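What follows is each chain in one-letter form.
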Protein chains: 2
Amino acid sequence: MAPPQFCERPALTTIRDVARLAEVSTATVSRVFASDPAVRPATASRVREAAKQLGYVPNTLARSLRQQTSTSWALIIADIENPFLTQVTRGVEDVAQSAGYSLVLCNTDEQPEKEAAYLNSAEQYRVSGVLITPTSATSPVDQLLARGLPVITMDRPLRPDLAVDTVLIDSRRAARSAVDRMIAHGRRQIACITGPRRVFTASERVLGYRESLLEAGLPIDEQLIHYAAFNEQGGRQAADELLGRPGVAPVEAILVANSMMAVGVLQVLRERGLRPSVDVEIVVFDDAPWTGLLTPAISVIHQPAYELGQVAGKLLLDRLRTPGQPARTVMLTATLPADDDSPPRDDALTTALLG
Amino acid sequence: MAPPQFCERPALTTIRDVARLAEVSTATVSRVFASDPAVRPATASRVREAAKQLGYVPNTLARSLRQQTSTSWALIIADIENPFLTQVTRGVEDVAQSAGYSLVLCNTDEQPEKEAAYLNSAEQYRVSGVLITPTSATSPVDQLLARGLPVITMDRPLRPDLAVDTVLIDSRRAARSAVDRMIAHGRRQIACITGPRRVFTASERVLGYRESLLEAGLPIDEQLIHYAAFNEQGGRQAADELLGRPGVAPVEAILVANSMMAVGVLQVLRERGLRPSVDVEIVVFDDAPWTGLLTPAISVIHQPAYELGQVAGKLLLDRLRTPGQPARTVMLTATLPADDDSPPRDDALTTALLG
DNA sequence: CCGATCTATGTCATCGTTTACATTGCCCTT
DNA sequence: AAGGGCAATGTAAACGATGACATAGATCGG
């Protein structure tokens, strides 16, 4: 008597097995699972009973193959460890889940090659939609679009000639307000530490920075603008270069393009004995919860990350329902809380879109 | 002449179209894509040429259906916004990607119902393996196992009678060391703020806390142990209750079970004018990078999250290669850096397993 | 009581691959 | 020159579900 071979994979039960046990045809079983009202209740319950008894689980692969549509989306993000993007992910996930879709998660690490591979893989998996934070405006989504596969781009736009739905956050304006405020505070040597040049949001924040200085009639010192990796290490490196320059006027304020970089920047300040907010005013994109713990607290720009994900998910749902419609762009607003620490005001545009 | 209907989904090209164009049979095309050496190089390149010309992308669904195996894993985690778990995710993702698997990401929000739904969905999608941080020890994975579908449980064990590979972090020991140290520092009113009772790691950390006090011959005050949600809100609530009790000896130290809770706890301290490290010693599980920014810096327990994910992925790969083998449990070590701020020492066990 | 109508269910081709098996040449050996 | 062996490719039956169409039985009006 052989011991029970637990790991010998048993043949999975199929719709045919259920049909046999319930003494009906496979078509009837299929109809029962599709809740077709034409099936007599007695038959239906017999089928259900049989299915339960056999532990039948429908094969989504077979169904998708036959129906020529799948119920999963590919979510391609640049960095799974970036809290901003995890919040986006959660927003997408909630919408997907409540509409019955699954999410295939892909992490590109800001590498165009990984991105291209994942786009290809999304196509192979025949997902019914793709949501992406592209590594650059020229991400190879053309082929997907040519096949009519809906693409939603999040946080960063694609080439304007591509017909893709887009959800953005107006970070240029937020950057400008932040620098406006630094100037109002009397700061003059204002620096900007941002992400890789290729990344839209990184450049956009520099643009806002420039606009503010320009408008105030202040000179723009290219030495004060640093492009670095969108992480702690990048922030550290940029801050080190920025603060280590001998014989120049000391930096009085820094606009930092995301919360991961901010950690690195703040570490460097600390190592150099500079007090954030006091010696160097700091404004950071992303309202990481820990920023409030510093004394005095540093300023943050609130980005509606969860809403971004939600809106993206809803745009995709919408496009799946009514395919032919023209591409839409939704712009959400980043908010810089007022100086007096009042909470960020509710934004009319955002709430309207989240309906 | 009708305008080009961009969104009219064109019929996807299949292996048959490629075969026709290359003037071979579908079998040959299939063989070319499987790099079968039996195909004559001339034929192979003709096929490849045809495929490229038609923009052919293989249909993974059909392939999986036919081959009765898929190349995706389900990754079911409790909270996508928990940095510990995102690091785990990245560890899994890296292993999966380099072995050619895709990840279907599922976020349970610590809700057993969502977890059950996702387990079911994993079965429907015929993933070839499941990695999970279960919401409780009784998560319904039985059916998956009965089908021979490999399950790897991460960070939290399942019922010991289930034959699943397990990767854990010895957080009980780490908790004990942390409390040992608080005691050595002369603290006596030591509290513990942890996650939901049902969650293994939450209870485990309390156990370590108890062991330390017991061993030191100190009394255990149940009022000092708080179970709360594993997030900022939970930490805030627990700390409020803990520090708001009138007429009792003030709390001198708190062991906090994760970094998200720590934010809430530290906010409450701040609101109450208590200085972390000085008035109340704080030790936190998870080495969130921002913890080093506080002055004086609070202590953290380093959990090898990325390695946890990596090991889990490797265990799954291993099991897929050689199915019958008995279930294994790997225990990783959490480390509490020495008082003098020296970096966490390299752990022999961990490095051996990561080989 | 017959045909029309309707209801409940069955038949079977199909989705796009893979792969066991069959087939076709060709070369080589004796 | 016949036949064995091999290399390269073709044929066709799966995989598991769906749904257009067919069919059998019940119901009903005249």
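So, here is what we can say about the structure in this document. (Residues numbered from 1 in each chain as written. Chains lettered and ligands numbered in written order. Predicted model: local features only at pLDDT ≥ 70, side-chain atom pairs only at ≥ 80, totals over all residues.)

Time to look at the interface of chain A and chain B. The interface of chain A with chain B comprises 49 residues on the first partner and 49 residues on the second. When contributions to the side of chain A that touches chain B are tallied by element, the ones reaching two or more residues are α4 (60-67), α5 (83-98), β2 (102-107), α6 (112-124) and α11 (259-271) of chain A. Among the residues making up the side of chain A that touches chain B, the classes are represented as 22 nonpolar, 17 polar and 10 charged. The pairing of β2 of chain A with strand β2 (residues 102-107) of chain B spans three bridges and is classified as antiparallel. Each residue of the ladder has a partner; that of Leu105 of chain A, found in β2 of chain B, is Leu103 of chain B. (Contact = placed C-beta atoms within 7 Å. Helix = DSSP H or I, 4+ residues; strand = E, 2+ residues; numbered from the N terminus. Nonpolar A, V, L, I, M, F, W, Y, C, P; charged D, E, K, R; others polar. Pairing = 2+ DSSP bridges.)

Helices that pack against each other are described as a pair by the angle of their axes relative to one another and the distance between those axes. All names here are of chain B. Orientation of helix α10 (residues 232-243) relative to helix α11 (residues 259-271), taken along the N-to-C sense of each, is 40°, at an axis distance of 6 Å. When the axes of α10 and α11 are compared, the pair comes out oblique. The way α10 lies across α11 gives a crossing that is right-handed. Facing Glu232, Gln233, Gly234, Gly235, Arg236, Ala239, Asp240 and Leu243 of α10, the residues of α11 in contact are Met260, Met261, Ala262, Val263, Gly264, Val265, Gln267, Val268 and Leu269. (Axes fitted to C-alpha atoms, helices over the stretch in contact; angles between N-to-C directions. Parallel < 35°, antiparallel > 145°, perpendicular 65-115°, else oblique. Left-handed = near helix turned anticlockwise from the far one by under 90°.)

Our focus in this paragraph is the sheet that holds strand β6 (residues 190-194) of chain B. Residues and elements named next belong to chain B. Spatially, the five strands line up as an open sheet ordered β7-β6-β8-β9-β10, and their pairing is parallel. If you trace the sheet from one side to the other, it starts and ends with β7 (225-227) and β10 (299-301), each paired once. The mean inter-strand angle of the sheet, taken between neighbouring strand axes irrespective of direction, is 15°. The pairing of β6 with β7 spans three bridges and is classified as parallel. Within β7, the position partnered with Ile193 by the bridge is His226. Running at roughly 165° to strand β8 (residues 253-256), helix α8 (residues 171-184) makes contact with β6, β8, β9 (281-285) and β10 of the sheet. Docked against the sheet, α10 engages β6, β7 and β8, running at close to 155° with respect to β6.

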